[in-house]
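# Structural features, examined
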Amino acid sequence: MKLPFQRPSIHCRTFHSDLVEQIIDDVTSRLEDKDLARIFENAFPNTLDTTVRWHVDGTEKKKVNKGYGKWEGPQSFIVTGDINAEWLRDSTNQLQQYQKLAKRDKKIETLLLGAINTQAEYVIASPYCNAFQPPPPSKLPPTSNGQGDTVHPAYEPSVVFECKYELDSLAHFLSLGNQFYSHTKSTAFLTPRWYEALGNVLEVLDQQAKSTFDPETSRFLRNEYRFQRNTNAGTETLNLQGNGNPLNNGTGLIRSAFRPSDDATIMGFFIPANAMMAVELKRTAAMLKEVGKITRAADLQRRGEEIETGVRTHGIVNHRTYGEVFAFEVDGFGSQIMMDDANLPSLLALPLLGFTDVNDKVYQNTRRMILNKSGNPYFLKGEDMEGIGGPHIGLQNAWPMSLLVQAMTSEDDDEISKALESVKKASPLGLVHESINVNIRQDYTSKWFDA
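Being a predicted model, the structure only gives us computed values, none of them experimental.

About the cut-offs
- Residues numbered from 1 in each chain as written.
- Predicted model: local features only at pLDDT ≥ 70, side-chain atom pairs only at ≥ 80, totals over all residues.
- Heavy atoms only, no water.
- Disulfide = S-S within 2.5 Å.
- Helix = DSSP H or I, 4+ residues; strand = E, 2+ residues; numbered from the N terminus.
- Buried < 20%, exposed > 50% of the residue type's maximum accessible area, 1.4 Å probe, protein only.
- Core = buried A, V, L, I, M, F, W, Y, C linked by side-chain atoms within 4.5 Å.
- Contact = heavy atoms within 4.5 Å.
- Axes fitted to C-alpha atoms, helices over the stretch in contact; angles between N-to-C directions.
- Parallel < 35°, antiparallel > 145°, perpendicular 65-115°, else oblique.
- Left-handed = near helix turned anticlockwise from the far one by under 90°.
- Nonpolar A, V, L, I, M, F, W, Y, C, P; charged D, E, K, R; others polar.
- Polar contact = N/O pair within 3.5 Å; in protein donor to acceptor, adjacent residues only side chain to side chain.
- Patch = residues over 30% accessible without salt bridge, like charges linked within 9 Å, V, L, I, M, F, W, Y side chains within 5 Å.
- Areas by Shrake-Rupley, 256 points an atom, 1.4 Å probe, with all protein chains shown as cover.
- Salt bridge = Lys/Arg side-chain N within 4 Å of Asp/Glu carboxyl O.

Quick look at the state of the cysteines now. Within the structure shown, the criterion is met by one disulfide. Cysteine 129 shares a disulfide with cysteine 163; S-S distance 2.1 Å. Between cysteine 129 and cysteine 163, the S-S torsion sits near -80°, and that sign places the bridge as left-handed. Residue cysteine 129 is located in the loop between α5 (106–125) and β4 (131–132), and its partner cysteine 163 is located in the loop between β6 (160–162) and α6 (167–184); the two are separated by 34 residues in the primary sequence. Note on cysteine 129: relative accessible area 2%, which makes it buried. Judged by relative accessible area, cysteine 163 falls into the buried class, the value being 1%.

It is worth spelling out the nonpolar core at this point. Judged by nonpolar contacts, the single largest core of 109 residues is most densely connected at Ile108, Tyr165, Phe189, Trp194, Tyr225, Met277 and Leu288. Here this core takes eleven residues from helix α9 (residues 271–290), the largest share from any one element. If near-sequence neighbours (up to four positions away) are discounted, tyrosine 165 is found in contact with Tyr128, Leu170, Val204, Gln208, Tyr225, Ile254, Arg255, Ser256, Ala257 and Phe258. Grouped together as the second largest cluster of nonpolar side chains are ten residues, Leu403, Ala407, Ala426 and Ile436 included.

As a further point, take the packing of α9 against helix α10 (residues 294–314). For the pair α9 and α10, the least separation of the axes is 8 Å and the interaxial angle reads 160°. By the criterion of interaxial angle, the relationship of α9 to α10 is roughly antiparallel. As α9 runs across α10, the sense of the crossing is left-handed. Residues Ile271, Asn274, Ala275, Met277, Ala278, Leu281, Lys282, Thr284, Ala285, Leu288 and Lys289 of α9 lie in contact with α10, whose contacting residues are Ile294, Arg296, Ala297, Leu300, Gln301, Arg303, Gly304, Glu305, Ile307, Glu308 and Val311. Looking at side-chain class alone, the contact of α9 with α10 contains twelve nonpolar, four polar and six charged residues.

Within the secondary structure, valine 279 is located in helix α9. On a C-alpha basis, the gap between valine 279 and leucine 403 in space is 24 Å, while along the polypeptide they are 124 residues apart. The residues touching valine 279, leaving out its near neighbours within four places in the chain, are Leu353, Gly354 and Phe355.

To continue, consider the side chain of glutamate 162. Mapped onto the fold, glutamate 162 is located in strand β6. In terms of polar contacts, glutamate 162 uses its side chain to reach the side chain of asparagine 130, at 3.3 Å. Not counting chain neighbours up to four residues away, the residues in contact with glutamate 162 comprise Trp87, Cys129, Asn130, Ala131, Asn145, Arg229 and Asp262.

Right, let's talk about the packing of α6 against helix α7 (residues 192–208) for a bit. One way to put it is that α6 packs onto α7 with a least axis distance of 11 Å and a crossing angle of 150°. One element, α6, and the other, α7, form an angle in the roughly antiparallel class. Pair α6 / α7 crosses with left-handed handedness. Facing α6, whose interface residues are Leu167, Leu170, Phe173 and Leu174, α7 presents Trp194, Ala197, Leu198, Val201, Val204 and Leu205. Each residue belonging to the contact of α6 with α7 can be placed in one class, and the counts come to ten nonpolar, no polar and no charged.

Next up on the list: a nonpolar patch on the surface. Taken together, the side chains of Leu352, Leu404, Met408 and Leu420 present a nonpolar region at the surface, about 330 Å² in accessible area. Inspection of the secondary structure assignment puts leucine 352 in helix α11 (residues 350–353).

Along the chain, histidine 152 connects to proline 153 via a cis peptide bond; the corresponding omega equals 0°. Mapped onto the fold, proline 153 is located in the loop between β5 (150–152) and β6. With an omega of 5°, the peptide bond between leucine 344 and proline 345 qualifies as cis. Note that proline 345 resides in the loop between β12 (336–337) and α11. Even without being glycine, tryptophan 71 reaches a positive phi, approximately 60°. With respect to the element layout, tryptophan 71 can be found in the loop between β1 (52–56) and β2 (75–78). With phi around 65°, serine 218 is a residue other than glycine that occupies positive phi space. With respect to the helices and strands, the residue serine 218 is situated in the loop between α7 and β7 (226–228). For serine 218, a relative accessible area of 53% gives the class exposed.

Structural data, given as structure tokens:
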């Protein structure tokens, strides 16, 4: 395919790691498919090359810095593509591929530690928000998203870029620390600031576990979080004065106002995010137990188990064609949305999240459903491509990301090869796009998509 070299000049890259450069040389020299080798060469370092807009190692003040105060210790501001803002979810996933390298590269370890510290400050400031402005110490100017949203609780625009409450954003904050601890066993991020952020996460979970109506009096309970935007797109705002559709009580599930695509949920119990939160709460519990926080660990373990029970009780439904499957969204009243979206967390990615085994019968039934046009309205097929899309981009665009998740959750060599070949053909610039028109491969969104 003669794919182009797409890395910026070494003088313009935002972060450098000798170990990453060694890995690129090693992998590309051994890959027989030179097109995949070029995509790997461009994509693997892309987060480091282009998105580390601000990083400090915590030693600038010429003193021992334990990270106990606001913006102290290492800090890392990781932007999403060409938007000068950090999404909690995106930055966690952008850095995930480097977590295994932290023990071998002190610079990578400090970058990841900084990312955890920065996310903790964001969660302390506005735990309901999903995307944030540059940290004040960076001296980088904030930008406006131009929307003028009406949001409760109110937020500070100089701190927050966008305030869509997405349950998976908080799960990703926990995941970033859990991954770091798993690979390094370092507890350097377990500062009072991180514990304060954890407290904010739990407060949000308590508030968003409440139903729409009081279980004893049946009176309407206004949601602690409300969001309204002046828009002609239904996916960009919440109905019913910003409260969203009614949810039942006693499910054990947690409401999410928006999906990881930044689209509004229809039924607020978004199953993939609940599954991810259950896993990350239990992983955090195991970590805190190891460091002697027994009482706090037990509380997190209990919370994770309750959410998991809720997912398995209310999130598994009987499909007339595919049998028992995971629903995408439910309301606790018996209604469900049957689909999947390309953005993570998704139903397709449940094994990658650690929620279920790839060979689990319910997951396999779900997988067959969501990778079939008759089972998933957002499984899109065209002349040039097929894959899972979602309402965020429209009814003709599939996301290469969904094909990569399909490959990572398959044990079938032919399926894996087909998915990788499709991604390769959909990457003529040598970088992975956000989405591709399934009928016209040259019609895409985002020149590069954090990869």
